[in-house]
Amino acid sequence: IVAAALAHLTNLRQLRLTSASQDGAISGCCLAGVTHLTRLTSLALKGGWCDMDQAMHALLAAPPPLRDLKLELQAQAQALPAADMSCLSQVVELVVTPGLVAADAPAEPAAWALPASLRCLHLHTPINNNRLMTVLLLRQLQHLCFIVDVEDPRLLLRIVEQLPVL
């Protein structure tokens, strides 16, 4: 029902979907309607979500022209694995809070690709060495916030060397 309703809001530019339920979670299938929002530039998902794996892959397969993406998913909503977000070519700000990316998840670079257009990245979840290397590829980045969980602290120095804009 939610997906069908969203699909009719064709002029929508900003959307925030929040789980208000203490007991349950929002099903990720309601995101199917978001792919039809051709003017959507800001999307925020907050609270408890389930079935996010297929929903996010569908969203990334046909993304709206997002410039701002905030994923504030609660810890019980850890169903979303590493994802290739590089297709979100207009996203300049990405905020990720715990529950989206586990620090020990598989770290193949293609499985956790970020949009090259990112200027602002907030990762409120631990980042491992492989994920840190992915962040180093972001040449447009001007603002970076993350939780340090690296085996080799020298990698932090590489950030300063690799991203002189910061």
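This one's a predicted model, so the numbers in the text were calculated from it and none came from an experiment.

(A) Geometry of the overall build of the chain. If you tally the helices and strands in the chain, you get four helices and eight strands. Across the chain, helices and strands are ordered from the amino to the carboxyl terminus as α-β-β-β-β-α-β-β-β-α-β-α. Relative to its full complement of 166 residues, the chain shows a buried share of 45%. Here the analysis covers contacts within the chain between residues at least 6 apart in sequence; of these, 63% occur between residues at least 24 apart. Looking at the chain as shown, the accessible area adds up to about 8500 Å², and 55% of this sits on carbon and sulfur atoms.

(B) Just the environment of Asp84, in detail. Residue placement: Asp84 occurs in the loop between β5 (68–73) and β6 (93–96). Measuring from C-alpha to C-alpha, the distance between Asp84 and His57 comes to 8.6 Å, with 27 residues separating the pair along the chain. A polar atom in the side chain of Asp84 sits 2.5 Å from the side chain of Ser86.

(C) Region of the structure containing the environment of Ala44. By the element assignment, Ala44 lies in strand β3 (residues 42–47). Accessibility expressed as a relative area gives 7% for Ala44, which makes it buried. A C-alpha to C-alpha distance of 9.8 Å links Ala44 and Leu73, two positions 29 residues apart in sequence. For Ala44, the residues in contact, after removing those within four places along its chain, are Leu15, Arg16, Leu17 and Lys70.

(D) Focus on the side chain of Ser117. Looking at the secondary structure, you find Ser117 in the loop between β6 and β7 (120–127). From its side chain, Ser117 meets the backbone oxygen of Val91 in a polar contact 2.6 Å long.

(E) Structural detail: the nonpolar core. Counting residues in hydrophobic clusters, the biggest one holds 35 residues, and the most contacted among them are Leu31, Leu43, Leu45 and Leu121. At the level of elements, β1 (14–18), β3, α2 (52–61), β5, β6, β7 and α3 (129–135) are the ones that each hand at least two residues to this core. Of the residues forming this core, the biggest block, five residues, is contributed by α2. Other than its neighbours up to four places away in sequence, Leu43 contacts Leu15, Val34, Leu59, Leu66, Asp68, Leu69 and Lys70.

(F) Here's a closer look at the confidence of the model for the chain. For the chain, mean pLDDT is 76; residues scoring 70 or higher make up 72% of the total. Confidence over residues 75–81 falls short of pLDDT 50; this stretch has 15 contacts with residues more than four positions distant or in other chains. Low pLDDT (under 50) marks residues 100–110, which in the prediction has 19 contacts with non-local residues, meaning those over four places away or in another chain.

Parameters at a glance
Residues numbered from 1 in each chain as written. Predicted model: local features only at pLDDT ≥ 70, side-chain atom pairs only at ≥ 80, totals over all residues. Heavy atoms only, no water. Helix = DSSP H or I, 4+ residues; strand = E, 2+ residues; numbered from the N terminus. Buried < 20%, exposed > 50% of the residue type's maximum accessible area, 1.4 Å probe, protein only. Contact = heavy atoms within 4.5 Å. Areas by Shrake-Rupley, 256 points an atom, 1.4 Å probe, with all protein chains shown as cover. Polar contact = N/O pair within 3.5 Å; in protein donor to acceptor, adjacent residues only side chain to side chain. Core = buried A, V, L, I, M, F, W, Y, C linked by side-chain atoms within 4.5 Å. pLDDT = per-residue confidence, 0-100.

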